[in-house]
Amino acid sequence: MTVVAFVVNPTLLRDPRPFLGRCRAAAEDRGLAPWFGPADAARDSLALARHAVAAGASLVFAAGGDGTVRACAEALAGSGVPMAIVPLGTANLTARALGVPARPDRAVEAGFGGRDRTIDLGRLTGVEGAGGTCFAAMAGIGLDAAVVAAAGEQLKRRFGWAAYAAAGMRKLTTPPHEFIVRLDDGEPLRCRARSVVVANAGLLPGGFTLLPQASLDDGLLDVGILAPSGAWDWIRLASRVLARDRRQDRALQRLQARRVRIGADAVLPRQADGEIVPPGQALSVCVCPRALTVRLPW
């Protein structure tokens, strides 16, 4: 019998039993054998998704937040086995970028009855995080990672995506740093900025769009250099994000490349798909074109 796997982060569900029961029923109604892997951390999701592929799963559901999705994407990259997303987390950036329904029951139905699409992944070098070295949505160094760390799991569970906004307000006065950004084989770009992000999808928590040109399957990484210098710059940057404005100025530069190397003047926080990875003074990313098959709603 064909196996369908469910890699689930049960900590994001008050009572996981009803959800798991619906998943089991949906699989069995289609003549499929459900396989369940409860994952309490990204490293568990990575190992479980790899085990599911080795066990012959024809479809893997990543039911959790962006960390669960990132880990499953790492395991499934290059395998041809499609990944379906059931968003249970706070930001759900990859799910939003792919148009996956926010309601878990509808997301499960879309996973079974949807269509397959191949998307790019970003791959980090010199960074070993709990979910591996791939990311589907966005990685960054500096202020963005500091905000992710400050939001914390307890705040996110209590306030949802607004926890990121609250954490961001507390971090606005974080001083800028000197960065050197090299795109592909180009000349190094020196800048004084708060943060540098590298994205496959340009969304922020809450559904706001930082990098409107970012596409999941264009074979390119989108780079955002955030360098607001004062309150007025922050206001202009916020209004631009809300309006999906593509104009650039000193507060926000948007660039594209296949390979990105970032160096900083200090050891800074780093994140990948909303998961904190060990801090460092550099971040190097390359794009892996069409590396992952995802299941989307029609």
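Refer to the structure printed above.
Since we're looking at a predicted model, the values are computed, not measured.

### Description of the environment of Val277
Alright, step 1. Take Val277: it is sitting in strand β14 (residues 275-296).
Alright, step 2. Sequence separation of Val277 and Ala149 is 128 residues, and the distance between their C-alpha atoms is 10.0 Å.

### Overview of unusual backbone geometry
Alright, step 1. One non-glycine residue with positive phi stands out, namely Asp184, at about 50°.
Alright, step 2. Tracing the backbone shows Asp184 in the loop between β8 (177-183) and β9 (189-193).
Alright, step 3. Asp184 sits in the partly exposed class, given a relative accessible area of 24%.
Alright, step 4. Look at Asp273: it is not a glycine, yet its phi comes out positive at around 50°.
Alright, step 5. For Asp273, the position within the fold is in the loop between β13 (259-272) and β14.
Alright, step 6. Under the relative-accessibility criterion, Asp273 is labelled buried at 2%.

### Some words on the pairing of β13
Alright, step 1. Here strand β7 (residues 138-142) runs beside β13; their pairing, made up of three bridges, is antiparallel. Each residue of the ladder has a partner; that of Ala139, found in β13, is Ala272.
Alright, step 2. Sheet topology places β13 next to β14; nine bridges connect them, and they run antiparallel. Residue pairing across strands places Leu268 opposite Gly280, the latter belonging to β14.

Cut-offs applied
Residues numbered from 1 in each chain as written. Predicted model: local features only at pLDDT ≥ 70, side-chain atom pairs only at ≥ 80, totals over all residues. Heavy atoms only, no water. Helix = DSSP H or I, 4+ residues; strand = E, 2+ residues; numbered from the N terminus. Buried < 20%, exposed > 50% of the residue type's maximum accessible area, 1.4 Å probe, protein only. Pairing = 2+ DSSP bridges.

Shape descriptors only; they carry no functional weight alone.
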